[in-house]
Each structure stands twice: as structure tokens, then as C-alpha cells.
Amino acid sequence: MTPGLWELVLKGIGTTLQLLVYSALLAVAVSFAVGAARTHRLWIVRFVAGFYTEVFRGTSALVMIFWVFFVLPVAFGWQLVPMWAGTLALGLTYGAYGSEIVRGALQAVDPAQREGGIALGFSPAQRLRLILLPQAVPEMIPSFCNLLIELLKGTALVSITGMGDLAFSGNLVRLALQESGEIYTYLLLIYFVIAFLLTRGMRVLERRLKAGVAR
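Residues numbered from 1 in each chain as written. Predicted model: local features only at pLDDT ≥ 70, side-chain atom pairs only at ≥ 80, totals over all residues. Heavy atoms only, no water.

## Quick look at a nonpolar patch on the surface
The grouping of Leu42, Trp43, Ile44, Phe47, Val48, Phe51 and Val55 at the surface amounts to a nonpolar patch, some 720 Å² of accessible area in total. With respect to the helices and strands, the residue Phe47 is situated in helix 2 (residues 43-57). (Patch = residues over 30% accessible without salt bridge, like charges linked within 9 Å, V, L, I, M, F, W, Y side chains within 5 Å. Areas by Shrake-Rupley, 256 points an atom, 1.4 Å probe, with all protein chains shown as cover. Salt bridge = Lys/Arg side-chain N within 4 Å of Asp/Glu carboxyl O. Helix = DSSP H or I, 4+ residues; strand = E, 2+ residues; numbered from the N terminus.)

## With respect to the nonpolar core
If you look at the biggest cluster of nonpolar residues, it comprises 54 residues, and the most contacted ones within it are Val68, Leu90, Met140, Phe144, Leu151 and Leu166. Every element with two or more residues in this core is listed here: helix 1 (3-37), helix 2, helix 3 (61-76), helix 4 (82-108), helix 6 (124-154), helix 7 (166-177) and helix 8 (180-214). The element contributing the most residues to this core is helix 6, with twelve residues. For Met140, the contacting residues outside a window of four places in its chain are Phe32, Ile101, Val102, Ala105 and Leu133. (Core = buried A, V, L, I, M, F, W, Y, C linked by side-chain atoms within 4.5 Å. Buried < 20%, exposed > 50% of the residue type's maximum accessible area, 1.4 Å probe, protein only. Contact = heavy atoms within 4.5 Å.)

## Structural notes on the confidence of the model for the protein
Of the residues in the protein, 97% reach a pLDDT of 70 or more, and the chain-wide mean stands at 88. Here helix 5 (residues 111-119) is the element of the protein with the lowest mean pLDDT, 78, and helix 2 is the one with the highest, 94. (pLDDT = per-residue confidence, 0-100.)

## What to know about the packing of helix 4 against helix 6
When two helices pack together, their arrangement is given by the angle between the helix axes and by the axis-to-axis distance. Contact geometry for helix 4 and helix 6: axes closest at 8 Å, N-to-C directions at 140 degrees. Taken together, the axis directions place helix 4 and helix 6 in an arrangement best described as oblique. Relative to helix 6, helix 4 is oriented so that their crossing is right-handed. Mapping the contact onto sequence places Leu90, Tyr94, Tyr97, Gly98, Ile101, Val102, Ala105 and Leu106 in helix 4 and Leu128, Leu132, Leu133, Ala136, Met140, Ser143, Phe144, Leu147, Glu150, Leu151 and Gly154 in helix 6. Class assignment for the residues of the contact of helix 4 with helix 6 results in 15 nonpolar, three polar and one charged. (Axes fitted to C-alpha atoms, helices over the stretch in contact; angles between N-to-C directions. Parallel < 35°, antiparallel > 145°, perpendicular 65-115°, else oblique. Left-handed = near helix turned anticlockwise from the far one by under 90°. Nonpolar A, V, L, I, M, F, W, Y, C, P; charged D, E, K, R; others polar.)

## Some remarks on helix 2
Counted at 1.5 Å a residue, the expected span for helix 2 with its 15 residues is 21 Å, and the 21 Å between its end C-alpha atoms agrees. Within helix 2, the full set of buried residues consists of Ala49, Gly50, Tyr52, Thr53 and Phe56. Mapping the buried residues of helix 2 onto a view down its axis gives an arc of 160 degrees, with all of them on the same face. Turned more than 90 degrees off the buried face of helix 2, the exposed positions are Trp43, Phe47, Val48 and Phe51. Tucked inside the fold, the buried residues of helix 2 contact helix 1, helix 3 and helix 4. (Expected span 1.5 Å × (residues − 1). Arc of directions from axis to C-beta.)

Laid out in C-alpha cells, this is it:
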């Protein structure tokens, strides 16, 4: 490939990583908020959180991107740029999956830990912050790692909006060179390298968190 085409691919990598960071941050925030709500003592809070989870788990991420990018402007009169449309659609969708990870990890904490917090006079928020989350978060990391890799692969869906991510840029290069095999092989390798580095980073984070709990 010519230097100009490689530059296009590098810009696509940067855009994909930017989208990944933004949507992952939103997904994590949604995961913890909804996951904690799924364990709330009030049934209405659990119901609303459960309804959200079922809606977003039961819809296609691709169709959600279509809806956010094409339907929202018609319904509400404002248009999101592709980056923020992708961030919103992917963050809310993968946040619904992440909320089940959070809920399961919180409920897996020994009930005696909750009872100890109650005996000490901790409020529900204090029990969550000081007792439950420090023990539950390290157990969430492997599942969140898998979800992050799925989110990375899901970023390619945003290319349908014309955003210059890695998938979109790779397709432009393919059209310019009229060569599919080489270009798509490069794309596979690039996504694999990014996923591998994310996995290594998450495993380091998991070891550090578990070491902190052990201390």
C-alpha cells in the first residue's frame, strides 16, 4: 500500500480506539448503575433496571445504531455526529450486558459480609462502596474483559454511519486497490493485536485488584 493509504488506516485505528474508550466508559457507568439497581431493596427500582436490561439485551446493536443515528433526528429534531451516536448505542447496549456481570458479582459476595455492614450501622450506599464492591470488582474483571473484546468488535458496526473507523477505512483502501484478501487480512490482524493488548492489560488489572483485596 502507498503511504497515503497506510495513513488512512492509521487514522481509522485512532478513530476505533477513541470510540472504544468512549463507549467503554459509558458501558461501565451503566453496568454499575443498573447492576447495583438490580440488587436494590425496592422492587420498583429492580423492575426498572431489569426492564432496561431486557430491552437492550434483546435488541440488535446494529439496529440500535440505526435507530440512534437515523430515528432520533426525526423524533427529537437533533442530530448526533457518528462518534456520539455510536458511543450512545454501543455504551447502552453493552452496558446492559455488563449490568448482569455486576449484579451476579454483588450477589456472590458472602451474605455474612452484608450482615456485618448492617451490624456496624453502615448505610446501603456505604455497604456497597466499602464492603461489597471491593470484593466483587476483582471477580468481574474476566467477564468485563470478554465484554470489552466484544465491544471492540462491535465498533465496526458504526462504519454504516460513514464514520472513518478501522472497518470503514479498510473498505476504502480495498476499493482503491481492488484487493480484498490482503486488506481484510490486515484488518483481522489489527483487530487481533488490539484485542490481545486489551486482554493483557485487563489481566494485569485483575492481579492487582486481587492482590489489594488479599492485603
